[in-house]
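Each chain, letter by letter, is given below.
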Amino acid sequence: SELIRGFLLSGMPCPSSCPSGLLALMAPGLALMATFSLPSQAGDRRALPVEKPPGVKGRTLILLDVNTKNPVRIISENFLSLQLDPSIIHDGWLDFLSSRRLVTLARGLAPAFLRFAGKRTDFLQFHNVKNPAKSRGGPGPDYYLKNYEDDIVRSDIALDKQKGCKIAQHPDIMLELQREKAAQMHLVLLKEQFSNTYSNLTLTARSLDKLYNFADCSGLHLIFALNALRRNPNNSWNSSNALSLLKYSASKKYNISWELGNEPNNYRTLIGRSVNGSQLGKDYTQLRSLLQLIRTYSRAHLYGPNIGRPRKNVIAFLEGFMKVAGGTVDAVTWQHYYIDGRVAKVTDFLKTRLLDTLSDQIRKIQKVVNTYTPGKKIWLEGVGTTSAGGMNNLSDSYAAGFLWLNTLGLLASQGIDVVVRHSFLDHGHNHLVDQNFNPLPDYWLSLLYKRLIGPKVLAIHVAGLQRKPRPGRVIRDKLRIYAHCTSYHNHNYVRGSITLYIINLHRSRKKIKLAGTLRDKIVHQYLLQPYGKDGLHSKSVQLNGQPLAMVDDGTLPELKPRPLRAGRTLVIPPLTMSFYVVKNVNALACRYR
């Protein structure tokens, strides 16, 4: 059996009962859920009795190997990407995207897409004006001081004088006034969200310049979602405002990809009038024709339809869209939020059943896409831990990272090409960066992912022992292991290295012995744990025992690994997330790009 082979590879003596009484459990799938129990014939789950091998005292030992010959999936270099919600126009944060600190944080996650879209996409109007003093919207002087507005104008004028990447250093008092304004506007935005009634937004030419400058300076490729709710009397899409935006962007030679609308399956609840899938397909075909008339965008990428959770009516919507425009889009997109942020608890983020809800959605989307356009790439856009803007001290805490890291591992293992995180910075609590421009736990998790994980996904093989059988107890889902080739952009590791990332939802530590091709290799550990007395609620993290924080506005900290000696058993602390780079494996799958 594979387990006997694992014992031989690990140098451990195999118990005499191996040939008859010990079963090997292999998970050749890409995402491991390490399983220690199997269903009996009666249908219940019963742990397998095993003899205790020498050296295993009351703890679970997992034997782990990786198939290093061929990748089982290859995802986009931009797999982990970002989203900005149009609400940043309302609350004023768009004016601060030129902040050196924000640009530094965004650069850390490049290369990536930056999707500008959200609930307010379909209430966004483009207005081609440049004078910031005259074009500025907002709630008026009751919200903030007049000289704050003057400061914004002066900052814009200073930026205009810069060539190339435009970076601003905003005074502390200016940021403090903006935070006060945003806090008051946050209540307005929440009221709109809960009532599902949104006010119109104006995007000026200057605002678009600032948005593009942020993306370009950060090494991100901008994806702009156009308003799909501007409709003609016959319910076809009215493209006049979109054409004005396209022409302006083309005149500036902005390299942008495009979408049309956001969650179009919900339009009836927004405006009382629905747009079906086939009609949206026709609208996308119209948009493609429009892009082809503009030289700058004749070959621009187009993504959609960005539907919501694939329930029965949404699947019917997607089928109607794919029949008409399946060949028009470059990737098929949908979005997903795990739980309602208004009722979330910290224990929700530890539920394996919740972590697995995404698997069924992936299968449903893949089935439709492969029926109409086999091989078409699929993206998950607008993913977040919670809906309704998230919940303070939960969706922006260390605990939320379990969902986020599992989402990345699961999507990569299932061949989803890109996942777009909602949001990089916004008014809620699903963001990666808070309104003091400080990175939150999911930012550091994303940064580690970007630094260590390459686009090639590898299959893993695992076998496990459990000393004390507990009938009915299922342990497998609480330990999740994923494997990729190490990122080619990380020059600390030679090509051929492998990175494992592990989620331990158990309240006890777990031990993993590397076997086969991974045996006796030097390993670098990157263990991410909460920092401070708040535990899983913490908004700060430590890497290998050292708290993570920016060095200054222009410098991210060095992510230092903890070297482990060759052959050492990996000990995974309870309720943690960790990355392990297995050096010098010389994996055939990872030698070449």
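Preceding this section is the structure that the text describes.
Residues numbered from 1 in each chain as written. Predicted model: local features only at pLDDT ≥ 70, side-chain atom pairs only at ≥ 80, totals over all residues. Heavy atoms only, no water.

Novice: Help me out: how do you make sense of the packing of aromatic side chains in this one?
Specialist: Each aromatic ring pair is summarised here by two numbers: the centre-to-centre distance and the angle between the ring planes. Taken as a whole and judged by the stated rule, the model has 19 aromatic pairs. Relative to Y254, the ring of Y212 has its centre 4.1 Å away and its plane inclined at 20°; by these criteria the two rings are stacked. A residue pair is termed long-range when its members are at least 10 positions apart, and Y212 in helix α8 (residues 205-218) and Y254 in the loop between α9 (240-251) and β11 (256-260) qualify at 42 residues. Residue classification places Y212 among the buried residues on the basis of a relative accessible area of 13%. On the accessibility criterion, Y254 (9% relative accessible area) is buried. When the centroid spacing of 5.8 Å and the interplanar angle of 25° are considered together, the rings of Y501 and F579 count as stacked. One end of the pair, Y501, is in strand β20 (residues 498-504); the other, F579, is in strand β27 (residues 576-582), with 78 residues separating them in the sequence. With respect to class, Y501 is no different from F579; both count as buried. For R421, the ring lying beneath its charged end belongs to W404, and the centroid distance is 4.9 Å. Taking the ring centre of Y488 as reference, the NZ or CZ of R495 above it sits at 4.9 Å. (Phe/Tyr/Trp six-rings, centres within 6.5 Å; stacked < 30°, edge-to-face > 60°. Helix = DSSP H or I, 4+ residues; strand = E, 2+ residues; numbered from the N terminus. Buried < 20%, exposed > 50% of the residue type's maximum accessible area, 1.4 Å probe, protein only. Lys NZ or Arg CZ within 6 Å of the ring centre and 35° of its normal.)

Novice: So what exactly am I meant to see when it comes to the state of the cysteines here?
Specialist: Such a bond, covalent and formed between the sulfur atoms of two cysteines, is termed a disulfide. The full count for this structure, using the stated rule, is two disulfides. Across a sulfur-sulfur distance of 2.0 Å, C485 and C590 are joined as a disulfide pair. The S-S bond linking C485 to C590 shows a torsion near -75°; that makes this disulfide left-handed. Taken as a pair, C485 in strand β19 (residues 479-486) and C590 in the segment after β27 lie far apart in primary sequence, 105 residues in all. With respect to class, C485 is no different from C590; both count as buried. (Disulfide = S-S within 2.5 Å.)

Novice: Explain helix α16 (residues 441-452) here, please?
Specialist: Along an α-helix, a turn takes 3.6 residues, which lines up residues three or four apart on a common side. End to end, α16 covers 17 Å across 12 residues, agreeing with the expected 16 Å (1.5 Å per residue, within 8%). In terms of residue burial, α16 counts as a mostly covered element, since 11 of its 12 residues are buried. P441, D442, Y443, W444, L445, S446, L447, L448, Y449, K450 and L452 are the residues of α16 that are buried. (Expected span 1.5 Å × (residues − 1).)

Novice: Even after reading the chapter, I still don't get the nonpolar core, so can you show me in this structure?
Specialist: One recurring pattern in soluble globular proteins: nonpolar side chains tend to sit buried together. Of all hydrophobic cores here, the largest spans 135 residues; its most connected members are F224 and W258. A total of nine residues in this core trace back to one element, the largest contributor, which is helix α15 (residues 400-413). What W258 contacts, discounting residues up to four positions off in sequence, is I223, F224, L226, L245, L246, S249, L291, Y297, A300, H301, L302 and Y303. Ranked by size, the runner-up nonpolar core spans 26 residues in total, among them I62, V462, A483 and V582. (Core = buried A, V, L, I, M, F, W, Y, C linked by side-chain atoms within 4.5 Å. Contact = heavy atoms within 4.5 Å.)

Novice: Can you help me understand the pattern of salt bridges in this one?
Specialist: A side chain with one charge can pair with a side chain of the opposite charge if their charged atoms come near. Enumeration according to the criterion identifies 18 salt bridges in this entry. For the salt bridge of R179 with E176, the shortest nitrogen-to-oxygen distance reads 3.4 Å. A residue pair is termed a helical-turn pair when its members lie 3 or 4 positions apart in one helix, as R179 and E176 do in helix α7 (residues 172-195) at three residues. A residue is classified by how much of its surface remains accessible, and E176, at 36% relative accessible area, is partly exposed. Here K539 ties to D396 by a salt bridge, and the two come within 3.3 Å at their closest N and O atoms. One end of the pair, K539, is in the loop between β22 (523-530) and β23 (541-543); the other, D396, is in the loop between β15 (377-387) and α15, and 143 residues separate them in sequence. For D396, a relative accessible area of 4% translates into the label buried. Residues joined in a network through salt bridges with shared partners are D85, R120 and E192. (Salt bridge = Lys/Arg side-chain N within 4 Å of Asp/Glu carboxyl O.)

Novice: Would you take a moment to explain the environment of P561 for this structure?
Specialist: Following the sequence through the fold, P561 ends up in the loop between β24 (546-547) and β25 (562-564). The sequence separation of P561 and Y526 amounts to 35 residues, and the corresponding C-alpha distance is 5.3 Å.

Novice: Explanation requested: the pairing of strand β7 (residues 112-116) in the structure shown.
Specialist: Successive side chains on a regular strand alternate, one facing one side of the sheet and the next facing the other. Most of β7 sits out of view: five of its five residues are buried. Neither face of β7 is open: one carries A112, L114 and F116, the other F113 and R115, and all of them are buried. Here three bridges tie strand β6 (residues 80-84) to β7, and the two strands are oriented parallel to one another. Bridging across to β7, L84 finds its partner in F116. Pairing geometry for β7 and strand β10 (residues 220-226), over five bridges, is parallel. Residue pairing in the sheet places F113 in a bridge with H221 of β10. (Pairing = 2+ DSSP bridges.)

Novice: Even after reading the chapter, I still don't get the packing of helix α11 (residues 277-292) against helix α12 (residues 312-325), so can you show me in this structure?
Specialist: In helix packing, the relevant descriptors are the interaxial angle and the interaxial distance, both defined with respect to the helix axes. Remark: α11 packs on α12, axes separated minimally by 7 Å, with the N-to-C direction vectors making an angle of 35°. Relative to α12, the crossing made by α11 is right-handed. Note on element contacts: α12 touches α11 through F317, G320, F321, V324 and A325, opposite G277, S278, L280, G281, K282, Y284 and T285. Counted by class, the contact of α11 with α12 contains six nonpolar, five polar and one charged residues. (Axes fitted to C-alpha atoms, helices over the stretch in contact; angles between N-to-C directions. Left-handed = near helix turned anticlockwise from the far one by under 90°. Nonpolar A, V, L, I, M, F, W, Y, C, P; charged D, E, K, R; others polar.)

Novice: How should I be thinking about the side chain of S497 in this particular structure?
Specialist: Among the secondary structure elements, S497 is positioned in the loop between β19 and β20. Overall, the relative accessible area of 1% leaves S497 in the buried class. A polar side-chain atom of S497 sits 3.4 Å from the main-chain amide nitrogen of N584. In contact with S497, not counting residues within four places along its chain, are C485, T486, V581, V582, K583, N584 and C590. (Polar contact = N/O pair within 3.5 Å; in protein donor to acceptor, adjacent residues only side chain to side chain.)

Novice: What is the right way to look at the pairing of strand β4 (residues 61-66) in this model?
Specialist: Summarising burial for β4: six of the six residues are buried, a large majority. Residues L61, L63 and D65 of β4 are buried on one face, and the alternating residues I62, L64 and V66, pointing to the opposite face, are buried as well. Pairing of β4 with strand β21 (residues 510-514) involves four bridges; the strand directions are parallel. Note on β21: the bridge partner recorded for L61 is K511.

Novice: When you look at unusual backbone geometry in this model, what are you seeing that I'm missing?
Specialist: Trans is the prevailing form of peptide bonds, just as negative phi is the prevailing case for residues other than glycine. With an omega dihedral of 5°, the bond running from G304 to P305 counts as a cis peptide bond. Relative to the helices and strands, P305 is located in strand β12 (residues 302-307). Despite not being glycine, E263 has its phi angle at roughly 45°, a positive value. With respect to the helices, strands and loops of the structure, E263 is situated in the loop between β11 and α10 (267-271). The class of E263 is buried, set by a relative accessible area of 12%. For N306, which is not a glycine, the phi torsion comes out positive at approximately 55°. By the secondary structure assignment, N306 is in strand β12.

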